[in-house]
Amino acid sequence: MTKVSLPAILFTVAFAGAVSAATAADSNGDGVLTLDEVQAVMPDITAEAFSAMDLNSDGALDEAEVQSAQDAGLMPA
Ligand SMILES: [Ca+2]
Ligand SMILES: [Ca+2]
């Protein structure tokens, strides 16, 4: 078990593994996560942390960037 916040755990449990917290964070369903979408689910993630995860600096996290962030422990899976 990786170290994640209680809300993140509850969120993950609520979706029973069908979708990850990151996927569920995509509130407009466009396949990428903006800073607002990330912070709505994971308020601990700062703009600075988001920028570090946004590898191509386009202002959104795509699936590969989310996976990299999760692999690096920057975002709960
Ligand atoms: Ca989105
Ligand atoms: Ca990006």
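Computed from a predicted model, the values in this text were never measured in an experiment.

## Notes on the overall build of the protein
Of regular secondary structure, the protein possesses 5 helices and 0 strands. When the helices and strands of the protein are placed in sequence order, the string is α-α-α-α-α. Evaluated residue by residue, the protein yields a buried proportion of 19% over its 77 residues. Counting contacts in the protein only where the partners sit at least 6 residues apart, residues at least 24 apart contribute 38% of the total.

## Brief notes about the environment of Ala 60
Locating Ala 60 in the fold gives a position in the loop between helix H4 (47–53) and helix H5 (63–71). C-beta crowding within 10 Å serves as the criterion here: with 18 such atoms nearby, Ala 60 is assigned to the partly exposed category. Taking the C-alpha atoms as reference, Ala 60 lies 8.6 Å from Phe 50; in sequence the two are 10 residues apart. Setting aside its immediate chain neighbours within four residues, Ala 60 contacts Val 32, Leu 33, Thr 34 and Asp 54.

## Observations concerning the nonpolar core
Ala 21, Ala 22, Ala 25, Leu 33, Val 38, Met 42, Ile 45, Phe 50, Leu 61, Val 66, Ala 69 and Met 75 together form the largest nonpolar core, which totals 12 residues. The set of elements that each furnish at least two residues to this core consists of helix H2 (21–24) and H5. Leave out the neighbours within four places in its chain, and Leu 61 touches Val 32, Leu 33, Met 53, Asp 54, Val 66 and Ala 69.

## Overview of the UniProt feature "domain: EF-hand" (unreviewed entry) in the protein
Under the present numbering, the feature "domain: EF-hand" (unreviewed entry) in UniProt falls on residues 24–42 and 48–67. With 42% helix and 0% strand, residues 24–42 has end C-alpha atoms that lie 11 Å from one another. Annotated as 55% helix and 0% strand, the span residues 48–67 places its first and last C-alpha atoms 18 Å apart.

## Section: unusual backbone geometry
Residues apart from glycine generally show negative phi values, whereas peptide bonds are mostly found in trans. Phi at Ser 57 is positive, roughly 55 degrees, even though this residue is not glycine. Its 7 C-beta neighbours within 10 Å are what place Ser 57 among the exposed residues.

## Describing the environment of Thr 34
Mapped onto the elements of the fold, Thr 34 is located in the loop between H2 and helix H3 (35–41). Sequence separation between Thr 34 and Leu 61 is 27 residues; the distance between their C-alpha atoms is 6.5 Å. Apart from the residues within four sequence positions on either side, Thr 34 is in contact with Gly 59 and Ala 60.

The rules behind these values
- Residues numbered from 1 in each chain as written.
- Chains lettered and ligands numbered in written order.
- Predicted model: local features only at pLDDT ≥ 70, side-chain atom pairs only at ≥ 80, totals over all residues.
- Helix = DSSP H or I, 4+ residues; strand = E, 2+ residues; numbered from the N terminus.
- Buried ≥ 20, exposed ≤ 12 C-beta atoms within 10 Å, placed from the backbone.
- Contact = placed C-beta atoms within 7 Å.
- Core = buried A, V, L, I, M, F, W, Y, C linked by C-beta atoms within 7 Å.
- UniProt positions renumbered as here; feature names shortened; annotations may be inferred.

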